[in-house]
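# Structure at a glance
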Amino acid sequence: EADIYQTPRYLVIGTGKKITLECSQTMGHDKMYWYQQDPGMELHLIHYSYGVNSTEKGDLSSESTVSRIRTEHFPLTLESARPSHTSQYLCASSEMGKAYGYTFGSGTRLTVV
Amino acid sequence: AQRVTQPEKLLSVFKGAPVELKCNYSYSGSPELFWYVQYSRQRLQLLLRHISRESIKGFTADLNKGETSFHLKKPFAQEEDSAMYYCALLGYGNKLVFGAGTILRVKS
C-alpha cells in the first residue's frame, strides 16, 4: 500500500549518541519534509527537499541534517543528541505542483536522556 | 509575512452542539488553506482543503478573504470528533505553515 513510513516510533537514547530517524514513502512524491512538534504545540518545519540531491533548511533552526539520495528516502540525522532535541519528529511528503496537502508519517518520539 | 493563528488552545462543547474552530491567516499571495486533524494515537491527516469546497465528516470551512479567516464548522458535534485540529497555509515555496492547533473536546 502506498504510504509514508517512519521508524522508529519511539526512541530513548543517551546524550552524545548519533541517531538517524528514517522516513520512506512509496507514493513517488517529489517533495518531502521534516517537522518538529513539541507536545500541544505547533509544527515547525526544520528541513525539506524538492527532489533527489535537493535539501533545504526550514523555518526553525535545527542541529539535525538530512539527505535525499533516493526519491523515496529522506533520513534525518543528529550527530550528537542532547536533551534539547527531545521532541516528536514528523515526516511528510507531497506531489510537486499540486495543492493536495501533505501526507504525514506516524512520527518518531525522541527522548534524549 | 505568512502566519496562521488559531486563538483557542482548547474548545470544549457538548455532543450535539455546534462547533466552530477559528483560524486566521496572514499571507500576501493567494492563499491555499487546509485543515488537518490528529485523533488520539493516530497520525496527522488531511481533513479538508478550501479549493475543493467539500464537506468531510460533516465539517465545512469557508475561506473569507476579507476577514482573512478559514474557520472550521460543524452543526452538530459528535464524541468521535474529539481531536487536535490544525489549520495550515500553503505559503512561500509551497511549504505548509501550521497554526498552534486547537484541541476539540466533545462531552457526552
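Basis of the calculations
- Residues numbered from 1 in each chain as written.
- Chains lettered and ligands numbered in written order.
- Predicted model: local features only at pLDDT ≥ 70, side-chain atom pairs only at ≥ 80, totals over all residues.
- Heavy atoms only, no water.
- Helix = DSSP H or I, 4+ residues; strand = E, 2+ residues; numbered from the N terminus.
- Pairing = 2+ DSSP bridges.
- Salt bridge = Lys/Arg side-chain N within 4 Å of Asp/Glu carboxyl O.
- Buried < 20%, exposed > 50% of the residue type's maximum accessible area, 1.4 Å probe, protein only.
- Contact = heavy atoms within 4.5 Å.
- Buried area = accessible area lost by both parts, 1.4 Å probe.
- Polar contact = N/O pair within 3.5 Å; in protein donor to acceptor, adjacent residues only side chain to side chain.

## Some details on the environment of Ser 84 of chain A
Its location among the elements puts Ser 84 of chain A in the loop between strand 8 (76–78) and strand 9 (87–94). Along the chain, Ser 84 of chain A and Thr 111 of chain A lie 27 residues apart, while their C-alpha atoms are 9.1 Å from each other.

## Section: the pairing of strand 6 (residues 54–57) of chain A
Residues and elements named next belong to chain A. In this sheet, strand 6 lies alongside strand 5 (residues 43–51) in antiparallel orientation, the contact comprising 3 bridges. In the sheet register, His 47 faces strand 6, and the bridge partner there is Lys 57. Linking two consecutive strands that pair antiparallel, namely strand 5 and strand 6, is a turn of 2 residues; a positive phi of about 65 degrees is found at Asn 53 within it.

## Examining the pattern of salt bridges
Under the counting rule described, the total for this entry stands at 7 salt bridges over all chains. For Lys 18 of chain A, the salt bridge identified is with Glu 79 of chain A, shortest N-O distance 3.9 Å. On the criterion of sequence distance, the pair formed by Lys 18 of chain A in the loop between strand 2 (10–13) and strand 3 (19–25) and Glu 79 of chain A in the loop between strand 8 and strand 9 is long-range, its members being 61 residues apart. On the accessibility criterion, Lys 18 of chain A (55% relative accessible area) is exposed. Members of the salt-bridge network, linked through shared partners, are Glu 20, Lys 22 and Lys 73 of chain B.

## Some remarks on the environment of Trp 35 of chain B
All names here are of chain B. Inspection of the secondary structure assignment puts Trp 35 in strand 5 (residues 33–38). You can call Trp 35 buried: its relative accessible area is 0%. In this structure, the C-alpha to C-alpha distance between Trp 35 and Lys 65, residues 30 residues apart in sequence, is 16 Å.

## A few points about the interface of chain B and chain A
Often, the extent of an interface is quoted as the loss of accessible area upon association of its parts. Facing 20 residues of chain B, the contacting portion of chain A comprises 22 residues. Here chain B and chain A share an interface that buries about 1800 Å² over both sides, 47% of which is from carbon and sulfur atoms. Looking only at chain B, the three residues that lose the most surface to chain A are Arg 43, Lys 95 and Phe 98 of chain B, adding up to 35% of its buried area. For the pair chain B and chain A, the number of links is 1 salt bridge. For the pair chain B and chain A, the interface holds 7 residue pairs in polar contact (both at pLDDT 80 or more). Among the secondary structure elements, those contributing two or more residues to the side of chain B that touches chain A are strand 5, strand 6 (45–49), strand 9 (83–90) and strand 10 (96–98) of chain B.

## Re the sheet that holds strand 3 of chain A
Residue and element names in this part refer to chain A. Taken together, 4 strands build an open sheet; the order of strands is 1-3-8-7 and the sheet is antiparallel. A strand with exactly one partner marks an edge of an open sheet, and here the two such strands are strand 1 (4–7) and strand 7 (65–66). Summarising the sheet, strand 3 and strand 8 pair through 3 bridges and their orientation is antiparallel. Its bridge partner lying in strand 8, Ile 19 is registered against Leu 78.

Any functional reading would require information beyond the geometric quantities listed.
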